[in-house]
Amino acid sequence: MELIGKIIEIVGDRSDTLWSISDISYSKFKEDFTRAIILAQHYNHFISNAEYDEKEYHDIILEIRMSIDQKINLLRNLFDQYGIKNFVPPVAQTDEIELVAPFSFKYAAVQSGLGWIGKNGVLITREFGPRVRLGAILVDFPLICGKPIKESLCGNCHACVDACSWGVIKGVNWNISSRREELLNYKLCNKKRSEYIKTNSRKHTCGYCILACPWGIKEPGKQ
Ligand code: SF4
Ligand code: SF4
């Protein structure tokens, strides 16, 4: 199909950007849109907790955010050319009480089959672990969807639980019915992430619970 070919031209061959399509009939956008295209772009530098540096991590996040925004803009132009109604949902949380964004990129990524939610509450992909930045665009067009992932592949791993020195992560395996508060104390996590507003002008994942994850480096339990 010509449209899919053009999407692939923009997002690439999955060597650094995973992508898939989610049915969004579960979301509050369902009246206007039927699908979300979800992108998960790999951080193009590898850093581990052993070499963690807050400034370097912040720069990596900014660089990858710029790159994924460019791809989303190109997709938006493409859908405009085809006359397909589309919308780029905001990344940021708009509800500072419940700490939710209008459209959950993570949940759509799970629904599209890109990965599962780790014990640390972030998307874990088989290919790159949690070292990805997500982007999304909603469309009103019947693209073929990926197969949802319904269970965690974290198994007995405890690395992110141990890496968070504030005890935010409860160590519970996610499934598709899990609620966020069952996995982690997200309000305390938000408080810790908000401390970066002083230095980075925005909330920022500390990085420890992400860089500890063995997925994307090697499968847990395998050489
Ligand atoms: S972002 Fe920070 S506070 Fe939140 S779980 Fe990860 S290491 Fe802990
Ligand atoms: S560090 Fe281990 S428990 Fe945490 S998200 Fe990664 S695989 Fe899951």
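Residues numbered from 1 in each chain as written. Chains lettered and ligands numbered in written order. Predicted model: local features only at pLDDT ≥ 70, side-chain atom pairs only at ≥ 80, totals over all residues. Heavy atoms only, no water.

S.K.: How do you make sense of the pairing of strand β1 (residues 17-23) when you look at a structure like this?
M.R.: In the case of a regular strand, side chains alternate between the two sheet surfaces. Counting buried positions along β1 gives six out of seven residues, so the element sits mostly inside the fold. The pairing of β1 with strand β2 (residues 35-42) spans seven bridges and is antiparallel. Its bridge partner being in β2, Ser 20 is matched across the sheet by Ile 38. (Buried < 20%, exposed > 50% of the residue type's maximum accessible area, 1.4 Å probe, protein only. Helix = DSSP H or I, 4+ residues; strand = E, 2+ residues; numbered from the N terminus. Pairing = 2+ DSSP bridges.)

S.K.: How should I be thinking about the environment of Ala 212 in this particular structure?
M.R.: In this fold, Ala 212 is placed in the segment after α8 (208-211). Taking the C-alpha atoms as reference, Ala 212 lies 5.5 Å from Cys 160; in sequence the two are 52 residues apart. Not counting chain neighbours up to four residues away, the residues in contact with Ala 212 comprise Asn 49, Ala 159, Cys 160 and Ala 163. (Contact = heavy atoms within 4.5 Å.)

S.K.: Can you help me understand the site of ligand 1 in this one?
M.R.: Ligand 1 sits among nine residues. The nearest are Cys 164, Val 168, Cys 189, Cys 206 and Cys 209. The residue makeup of the shell around ligand 1, split by class, is seven nonpolar, one polar and one charged. (Near = heavy atom within 4 Å. Nonpolar A, V, L, I, M, F, W, Y, C, P; charged D, E, K, R; others polar.)

S.K.: Teacher, can you tell me more about the pattern of salt bridges here?
M.R.: Opposite charge on two side chains allows them to pair when their charged atoms are near. Using the criterion set out here, one finds six salt bridges in the structure. Note that Asp 32 is salt-bridged to Lys 85, the shortest N-O span being 3.7 Å. Of this pair, Asp 32 sits in the loop between β1 and β2 while Lys 85 sits in the loop between α2 (54-81) and β3 (86-87), and the two are 53 residues apart along the sequence. Its relative accessible area of 41% is what places Asp 32 among the partly exposed residues. Given a relative accessible area of 42%, Lys 85 falls into the partly exposed group. Its salt-bridge partner being Glu 181, residue Arg 179 comes within 3.1 Å of it at the nearest N-O pair. We classify Glu 181 as partly exposed; its relative accessible area is 34%. Several salt bridges converge on common partners, so that one network encompasses Arg 179, Glu 181 and Glu 182. (Salt bridge = Lys/Arg side-chain N within 4 Å of Asp/Glu carboxyl O.)

S.K.: I keep staring at the site of ligand 2 and nothing clicks. Help me out?
M.R.: Contacts to ligand 2 come from Gly 118, Lys 119, Asn 120, Ile 124, Cys 154, Cys 157, Ala 159, Cys 160, Cys 213, Pro 214 and Trp 215. Partitioning the shell around ligand 2 into residue classes produces eight nonpolar, two polar and one charged.

S.K.: Whenever I open this one, the packing of helix α1 (residues 2-11) against α2 confuses me. Can you help?
M.R.: Describing two packed helices takes the angle between their axes plus the distance from one axis to the other. At their nearest, the axes of α1 and α2 sit 9 Å apart, and the two run at 160° to each other. Judged by the inter-axis angle, α1 sits roughly antiparallel to α2. Crossing angle aside, the handedness with which α1 passes α2 is right-handed. On α2, the residues touching Leu 3, Lys 6, Ile 7, Ile 10 and Val 11 of α1 are Lys 71, Leu 74, Leu 75, Leu 78 and Phe 79. (Axes fitted to C-alpha atoms, helices over the stretch in contact; angles between N-to-C directions. Parallel < 35°, antiparallel > 145°, perpendicular 65-115°, else oblique. Left-handed = near helix turned anticlockwise from the far one by under 90°.)

S.K.: Teacher, can you tell me more about helix α3 (residues 105-112) here?
M.R.: For an α-helix, the turn length of 3.6 residues means that residues three or four places apart are oriented alike. For α3, the buried fraction is high: six of the eight residues fall into the buried class. Among the residues of α3, those classed as buried are Phe 105, Ala 108, Ala 109, Val 110, Gln 111 and Ser 112. The elements touched by buried residues of α3 are β1, β2, β4 (116-117), β5 (123-124) and β6 (132-139).

S.K.: Even after reading the chapter, I still don't get the pairing of β6, so can you show me in this structure?
M.R.: The element β6 is largely enclosed, with a buried count of eight among its eight residues. Here β6 shows no split at all, with Val 132, Leu 134, Ala 136 and Leu 138 on one side and Arg 133, Gly 135, Ile 137 and Val 139 on the other all buried. Pairing of β2 with β6 involves eight bridges; the strand directions are antiparallel. Counterpart to Ile 37 in the pairing with β6 is Ile 137. Bridging between β3 and β6 involves two bridges; their strand directions are antiparallel. Along β6, the bridge assignment pairs Phe 87 with Leu 138.

So yeah, pure geometry; function would need other evidence.
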